[in-house]
Amino acid sequence: MKEFSISTQIYFGEGAVDRLSEIKGKKVLVVCDSFIRTSDIFTKVNEKLSNCTVDVFSEIVPDPPVETVALGIQKLEGCGAQIIVALGGGSAIDGAKAIVEYYNRLHGMKSEIEEFYAIPTTSGTGSEVTEYAVITNREEGIKYPLVGKSLLPSVAILEPEFTVSVPGAITADTGMDVITHAIEAYVANGATDFSDALAEKALTLAVRFLPQAFADGNDLVAREKLHNASCLAGIAFNSAGLGITHSLAHAIGGKLHVSHGRSNAIILPHVLRFNAGLDDVVGSDYRLTAKKYQRLAKLLKLTAINVNIGVNNLVKCIVELQNQLGIPTTLEEQGVDLELLNESREDIIDAAMADVCTSANPVTVSRQDLAKIIDEITVRKAIYLK
Ligand SMILES: NC(=O)c1ccc[n+]([C@@H]2O[C@H](COP(=O)([O-])OP(=O)(O)OC[C@H]3O[C@@H](n4cnc5c(N)ncnc54)[C@H](O)[C@@H]3O)[C@@H](O)[C@H]2O)c1
Ligand SMILES: [Fe+2]
């Protein structure tokens, strides 16, 4: 028996933020970062909450560390909010999720929190509909994904206008996170017809509208479609799981401070090749994963007359997208300190092996496999020309 469910109410499209006006007479804590706090986005949200008492925790930083979560819990203790509004990118939403999770664990039945609203301002993580929150232990350089149904937001508000101000480079990185979610969920161990349908739609929308949103950040149609794609991919991977692109991205992001989306973008083409296992095929006995990649290639209207060509063209499509979006293809080009990478190599492999996403990868991986992928992403290689 399998199960598919999504309990988050999703409001989307222009004017979705109006949903906040329905909250009346409550104590609200808005969790965001300092940029969002001083932006028009915050002003609009605050206006919609005019019937409530609003407090703000604006200490969120990218890849929120445990110390920030602790500060947020203190803030929550002080203000006694009943409603949490997480406003920002994945970092703000994940930070808020962790704050609420630990606050609830401390207070049990006495917790007064009634609802958790997630308002993403990047089109990337899908955190507004997932049971995940990624928190960083800076001392050890490790990113920990927290997982559990209690982390699922009650309401998601996808207001496309809130993503218009996202700069090109962040649009590109976060958009590649969407694409990685869709592709990893499509082949993950937990994939089903239900998650596949969402992943397929998310991928076609993202591949079509990410370059458009990147080229013209004010293109509201592209922004809306990309925002929807991000959420659809989030629902897909929340059900199906992810894979080793994410395990490595968490490990590399934690140690070498490369943004989540960018790490994924650099790693993804290599993991596609590894998971497809084209070099090990005897006769036409292709892995299901390779056949599913071929299916995605067909969906994207790439030439895919056989599995080999389909997989190669999917990889090529991702690499070309990377080039079009100005994303480097290796850690060296990304400007990573290669000496530090070398020193941290074993720790990165340890963290990636232990990551929750590794168990969802369709192919069992060894430390040697991960080491090989790390080698491949370190220096330039035209991998799709194999
Ligand atoms: N919970 C999940 O399911 C999940 C999934 C994938 C990734 N993550 C985590 O999410 C985090 C990354 O989130 P992200 O990629 O959204 O980046 P982010 O939240 O760290 O934001 C990146 C930058 O964009 C800025 N920004 C956000 N919205 C903006 C806007 N509208 N206009 C201008 N600037 C804006 C932020 O201020 C920040 O400086 C990582 O910690 C990653 O590990 C979580
Ligand atoms: Fe991600």
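Each residue is numbered by its place in its chain's sequence as written, counting from 1. To label them, take the chains in the order written and letter them from A, then take the ligands in the order written and number them from 1. Note on the predicted model: pLDDT of at least 70 is required for a residue's local features to be given, and 80 or more for side-chain atom pairs to be given and counted; whole-chain, interface and lining totals, by contrast, use all residues.

1. Comments concerning the overall build of the protein chain
Helix numbers and strand numbers start at the N terminus; a helix is a DSSP run of H or I with at least 4 residues, a strand a run of E with at least 2. Each helix and strand in the protein chain was counted, giving 13 helices and eight strands. Its C-alpha atoms give the protein chain principal-axis dimensions of roughly 65 × 45 × 45 Å. Counting other C-beta atoms within 10 Å of a residue's C-beta gives its exposure: the residue is buried at 20 or more, exposed at 12 or fewer, and partly exposed in between, where C-beta atoms are placed from the backbone. In the protein chain, which comprises 386 residues, the share counted as buried stands at 52%. Residue pairs are scored as contacts if the distance between their C-beta atoms, which are placed from the backbone, is within 7 Å. Pairs at least 24 residues apart make up 77% of the contacts formed inside the protein chain by residues separated by at least 6 positions.

2. Section: the pairing of strand β6 (residues 132–137)
Burial analysis of β6 places five of its six residues in the buried class, the great majority of the element. In this scheme, strands are said to pair when DSSP sees at least two bridges between them. Following β6, the chain reverses through four residues before pairing antiparallel with strand β7 (residues 142–147); Gly141 in that reversal takes a positive phi of roughly 65°.

3. With respect to the site of ligand 1
Here is the check we use: build the C-beta atom from the backbone, and if it is within 6 Å of the molecule or strand, call the residue near. Near ligand 1 you find 30 residues, and of these Gly89, Gly90, Ser91, Thr121 and Ser127 are the closest. Those elements that place two or more of their residues in the shell around ligand 1 are α4 (90–107), β6, α5 (168–187) and α9 (260–276). At four residues, the largest contribution of residues to the shell around ligand 1 is made by α4. For the shell around ligand 1, the residue count by class is nine nonpolar, 16 polar and five charged. Here the bounds of each domain stem from an automatic or database domain assignment. A domain-level breakdown of the shell around ligand 1 finds at least three residues from each of domain 1 (9–163) and domain 2 (168–385). Three classes are used, and their members are as follows: Ala, Val, Leu, Ile, Met, Phe, Trp, Tyr, Cys and Pro are nonpolar, Asp, Glu, Lys and Arg are charged, and the others, Gly among them, are polar.

4. What to know about the domain arrangement of the protein chain
Domain parsing of the protein chain yields domain 1 (9–163) and domain 2 (168–385). Placing a centre on the C-alpha atoms of domain 1 and another on those of domain 2 gives a separation of 27 Å. With 28 residues of domain 1 at the interface, the matching set in domain 2 holds 28 residues. Taken together, the elements giving at least two residues each to the side of domain 1 that touches domain 2 come down to β1 (9–12), β6, β7 and β8 (155–158). The class makeup of the residues in the side of domain 1 that touches domain 2 is eleven nonpolar, twelve polar and five charged.

5. A short note on the sheet that holds β1
Across the sheet, which stays open at both edges, the six strands sit in the order β1-β8-β5-β4-β2-β3 with parallel pairing between neighbours. Looking at strand neighbours, the two that pair on one side only are β1 and β3 (53–60), the edges of this open sheet. Strand-to-strand twist of the sheet, defined as the mean angle between neighbouring strand axes without regard to direction, takes the value 20°. Relative to strand β4 (residues 83–88), strand β2 (residues 27–33) runs parallel, the two being bridged by four bridges. When the bridges of β4 are listed, Val28 appears paired with Ile83. Simply put, an axis is a line fit to the C-alpha atoms, just over the touching stretch for a helix, and the angle between two N-to-C directions goes from 0 to 180 degrees.

6. Looking at helix α10 (residues 288–299)
When the terminal C-alpha atoms of α10 are compared, their 16 Å separation across twelve residues agrees well with the 16 Å that a helix rising 1.5 Å per residue should span. In the core, the buried residues of α10 are packed alongside α5, α6 (193–215), α9 and α11 (307–324). Positive backbone phi, approximately 60°, marks Lys301, located one or two places after α10. Here a helix's expected span is defined as the number of its residues, less one, multiplied by 1.5 Å.

7. Quick notes on the pairing of β8
Residues in a regular strand project their side chains so that they alternate between the two faces of the sheet. Judged by which residues are buried, β8 turns out to be covered on both faces: Val155 and Ile157 on one side and Ala156 and Leu158 on the other are all buried. As paired strands, β1 and β8 are joined by four bridges and run parallel to one another. From the neighbouring strand, Ile10 faces β8, where its bridge partner is Ala156. Summarising the sheet, strand β5 (residues 115–120) and β8 pair through two bridges and their orientation is parallel. Each bridged residue has a counterpart across the sheet, and for Ala118 the counterpart in β8 is Ala156.

8. Describing the packing of α5 against α6
It is at 8 Å that the axes of α5 and α6 come closest, and there the two elements cross at 160°. Classified by the angle between their axes, α5 and α6 sit roughly antiparallel to one another. Judged by the twist between their axes, the crossing of α5 over α6 is left-handed. Contacts between α5 and α6 involve Gly168, Thr171, Ala172, Gly175, Val178, Ile179, Ala182, Ile183, Ala185 and Tyr186 on the former and, on the latter, Ser195, Asp196, Ala199, Ala202, Leu203, Ala206, Val207, Leu210, Ala213 and Phe214. Taken together, the residues that form the contact of α5 with α6 break down as 15 nonpolar, four polar and one charged. Note on terminology: angles under 35 degrees are roughly parallel, angles over 145 are roughly antiparallel, angles of 65 to 115 are roughly perpendicular, and the others are oblique. When the near helix sits turned anticlockwise from the far one by under a right angle, the crossing is termed left-handed; a clockwise turn instead gives a right-handed crossing.

9. A look at unusual backbone geometry
Backbone geometry places His257, a non-glycine residue, at a positive phi of 55°. Looking at the element boundaries, His257 is found in the loop between α8 (244–256) and α9. Positioned with a positive phi, Lys301 is a non-glycine residue whose angle comes to about 60°. Along the chain, the position of Lys301 falls in the loop between α10 and α11.

10. Brief notes about the environment of Val363
Relative to the assigned elements, Val363 resides in the loop between α12 (338–354) and α13 (367–378). Under the C-beta neighbour-count criterion, Val363 is labelled partly exposed, with 16 such atoms within 10 Å. Contacts of Val363, omitting those with residues within four sequence positions, involve Asn275, Gly277 and Thr289.

11. Here's the deal with the environment of Ala86
Of note, Ala86 is situated in strand β4. Distance from Ala86 to Leu76, taken between C-alpha atoms, is 13 Å for residues ten residues apart in sequence. Residues contacting Ala86, with those up to four places away along its chain left out, are Val31, Ala92, Ile93, Ala96, Tyr117, Ala118 and Ile119.

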